[in-house]
Each structure stands twice: as structure tokens, then as C-alpha cells.
Amino acid sequence: AAGVIQSPRHLIKEKRETATLKCYPIPRHDTVYWYQQGPGQDPQFLISFYEKMQSDKGSIPDRFSAQQFSDYHSELNMSSLELGDSALYFCASSLGGRGREQFFGPGTRLTVL
Amino acid sequence: GESVGLHLPTLSVQEGDNSIINCAYSNSASDYFIWYKQESGKGPQFIIDIRSNMDKRQGQRVTVLLNKTVKHLSLQIAATQPGDSAVYFCAESAGFKTIFGAGTRLFVKA
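Model, not experiment: these values are computed from the prediction.

Reading guide: rules and limits
Residues numbered from 1 in each chain as written. Chains lettered and ligands numbered in written order. Predicted model: local features only at pLDDT ≥ 70, side-chain atom pairs only at ≥ 80, totals over all residues. Heavy atoms only, no water. Helix = DSSP H or I, 4+ residues; strand = E, 2+ residues; numbered from the N terminus. Rg over C-alpha atoms; globule rule 2.2 N^0.38 Å. Buried < 20%, exposed > 50% of the residue type's maximum accessible area, 1.4 Å probe, protein only. Contact = heavy atoms within 4.5 Å. Areas by Shrake-Rupley, 256 points an atom, 1.4 Å probe, with all protein chains shown as cover. Buried area = accessible area lost by both parts, 1.4 Å probe. Salt bridge = Lys/Arg side-chain N within 4 Å of Asp/Glu carboxyl O. Nonpolar A, V, L, I, M, F, W, Y, C, P; charged D, E, K, R; others polar. Pairing = 2+ DSSP bridges. Axes fitted to C-alpha atoms, helices over the stretch in contact; angles between N-to-C directions. Disulfide = S-S within 2.5 Å.

Colleague: Mind showing me how you'd approach the overall build of chain A here?
Modeller: A tally of regular secondary structure across chain A gives zero helices and eleven strands. Walking chain A from its N terminus toward its C terminus, one meets helices and strands in the order β-β-β-β-β-β-β-β-β-β-β. Here the C-alpha radius of gyration of chain A, 13 Å, is about what a compact globule of 113 residues would show, namely 13 Å. Expressed as a percentage of the 113 residues in chain A, the buried residues total 47%. Sequence separation of 24 or more characterises 53% of the internal contacts of chain A that already satisfy a separation of 6 or more. Per element, the accessible surface of chain A, about 5500 Å² overall, is 49% carbon and sulfur.

Colleague: Would you mind going over the interface of chain A and chain B with me for this structure?
Modeller: Interface size is commonly expressed as the accessible surface area that is lost when the partners come together. Counting from both sides, the interface comprises 24 residues of chain A and, opposite them, 19 residues of chain B. Taking both partners together, chain A and chain B bury about 1700 Å²; carbon and sulfur atoms supply 55% of that area. When the buried area of chain A at its contact with chain B is split by residue, R98(A), G99(A) and F104(A) rank highest and sum to 30% of it. Our count for the chain A to chain B interface comes out at one salt bridge. The salt bridge partner of R98(A) is D31(B), with a shortest N-O separation of 2.7 Å. Elements with a minimum of two residues in the side of chain A that touches chain B: β4 (31-37), β5 (44-50) and β6 (53-57) of chain A. When grouped by side-chain class, the residues that make up the side of chain A that touches chain B number eight nonpolar, ten polar and six charged.

Colleague: Help me out: how do you make sense of unusual backbone geometry in this one?
Modeller: Most peptide bonds take the trans configuration, and most residues that are not glycine carry a negative phi. Of note, the amide linkage connecting S7(A) to P8(A) takes the cis form, showing an omega dihedral of -10°. Positive phi values are uncommon outside glycine, yet Y72(A) reaches one of about 75°. Positionally, Y72(A) belongs in the loop between β7 (64-68) and β8 (74-78). Residue A79(B) is not a glycine yet carries a positive backbone phi of 50°. For A79(B), the location among the structural elements is in the loop between β8 (72-77) and β9 (86-94).

Colleague: Looking at this model, I keep getting lost on the sheet that holds strand β3 (residues 19-24) of chain A. Mind explaining?
Modeller: What links the strands of a sheet is backbone hydrogen bonding, and the strands pair in either a parallel or an antiparallel sense. Residue and element names in this part refer to chain A. Taken together, the four strands give an open sheet; going across it, the order is β1-β3-β8-β7, and neighbouring strands pair in antiparallel fashion. Edge positions in the sheet fall to β1 (5-7) and β7, since each has one partner strand and no second. Adjacent strand axes in the sheet meet at a mean angle of 15°, parallel and antiparallel pairs treated alike. Bridge analysis of β7 against β8 gives five bridges, and the strand direction is antiparallel. Bridge pairing links A66 to L76 in β8.

Colleague: What's the story with the environment of A92(A) in this structure? I'm lost.
Modeller: Residues and elements named next belong to chain A. Along the chain, the position of A92 falls in strand β9 (residues 87-94). You can call A92 buried: its relative accessible area is 0%. The sequence separation of A92 and V32 amounts to 60 residues, and the corresponding C-alpha distance is 5.7 Å.

Colleague: It is not clear to me how the pairing of strand β11 (residues 104-109) of chain B should be interpreted in this structure. Could you clarify?
Modeller: All names here are of chain B. Residues of β11 alternate between two faces, with T104, L106 and V108 buried on one and R105, F107 and K109 left unburied on the opposite face. Across five bridges, the pairing between strand β2 (residues 10-14) and β11 is parallel. Within β11, the residue paired with S12 across the bridge is F107. Strand direction decides the pairing type here: β9 and β11, joined by three bridges, are antiparallel. Bridge pairing in β11 links Y88 to T104.

Colleague: What is the right way to read the state of the cysteines from this model?
Modeller: Here a disulfide denotes one covalent bond, and it connects the sulfur atoms of two cysteines. Residue and element names in this part refer to chain A. The full count for this structure, using the stated rule, is two disulfides over all chains. The residue that forms a disulfide with C23 is C91, at a sulfur-sulfur distance of 1.7 Å. Looking along the S-S bond of the C23-C91 disulfide, the torsion reads about -50°, which is the left-handed sense. Taken as a pair, C23 in strand β3 and C91 in strand β9 lie far apart in primary sequence, 68 residues in all. Under the relative-accessibility criterion, C23 is labelled buried at 0%.

Here it is, written out as C-alpha cells:
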């Protein structure tokens, strides 16, 4: 069965650079979630989209922005990167809006040097 | 702020025994609760969920109990197997926002 695809899987950036992470949800899924997970930490909810509209927002820095496109894929844009942004970034998708099972992707490991 | 936490950071059980992982949540408005399993280097994997209008739900070898009075959630794993070794997270959801707890590492001894 098709799963959530994230790209790139690994990304190394310098401080103050920008990064774009991509998420391709399971086909027909209409909801996308983004999470940040630091080493040994729990996943922190960043932002979610339902039917291409932002549906909720969590602890996402102002330096980050995201959107969901017409084909339902989503991109997380990160600017002015800081050392503390180094983490695993997970995307999850679900079908039918809130309160549905979320299927997680393999994550993008971002390292900021 | 909102938070979901776990009472025990690690749990070690003998293969074949039952495991119980506990979790406390704080947002009374949460109406959807989920348990996830995460293996090293992988994304969280859905185990079982429960809605606030229920107090118990069973799956294959797993049971989730919800006590809204004391805002407590538990995951019971029957006949724990070595493949169950992982970090387990509880999560609560209100709307689209999903808040994860701190995680419990489960060790299964053969």
C-alpha cells in the first residue's frame, strides 16, 4: 500500500540558510500534519492543513511557513535556520479531517551546522 | 499550556507478560486519544485510538482505557513480544491539533 512520502530524507544546512521540506500524502488523503521531533523528545505539532486550508497551528516559529497545494502535497519552508532547528520533521496524512487515524511518513532529518 | 505526560519513562517486562503504559492528559476539550509506537529512526505508528464518548476499546492484543474523570489514559499490551520493544506515545487531540506525551520506552526481556 502507498505510504506518506517525504523528501528529502536527509538535509544539511548552514545557519541562516533556508530549507524546504516536502510531503506527499497517501493518495486521496485530504489532511496533512507537520511535526518536529528533537533528539529524545516527543513529536511537537507544528501545523495542519485540511482540504488545502490551514486547519490548526501549534508551536511553529514565525520563520517557518507551510502550505498545501492543489494536489494535496504540502511543503514546509524554513528560513533563517538556527542550530535548534536540527530535528526530525515528520509529515502525517489522514482522510476525512479531524479525529482520524494519522499515517506518518519516514521523516526528514534536518541538520543545521 | 496544554500537555500530555506519562508517569513512567521506561518499562521493562518479561516476554509473554502483559504491559501497561499510563498517561495523563490535561486538556478537558480533547475528544480523541491515540497511542503510537515509534521504533528508532522511524515515524510514529498508529496502534489504537479512542474517542471521548468511550471508556474502553480493544484491538488485537491491545486495549486502551480512558478515564475522563481523572484525565487518564492507559495502553495494555497482552502477551508482550520482543517486537513490541519501542517507545510508546500517547496523544490527545482537540480539533486538528495533536499533542504528544513524553513517551515510555518499553523493553521486552526474552
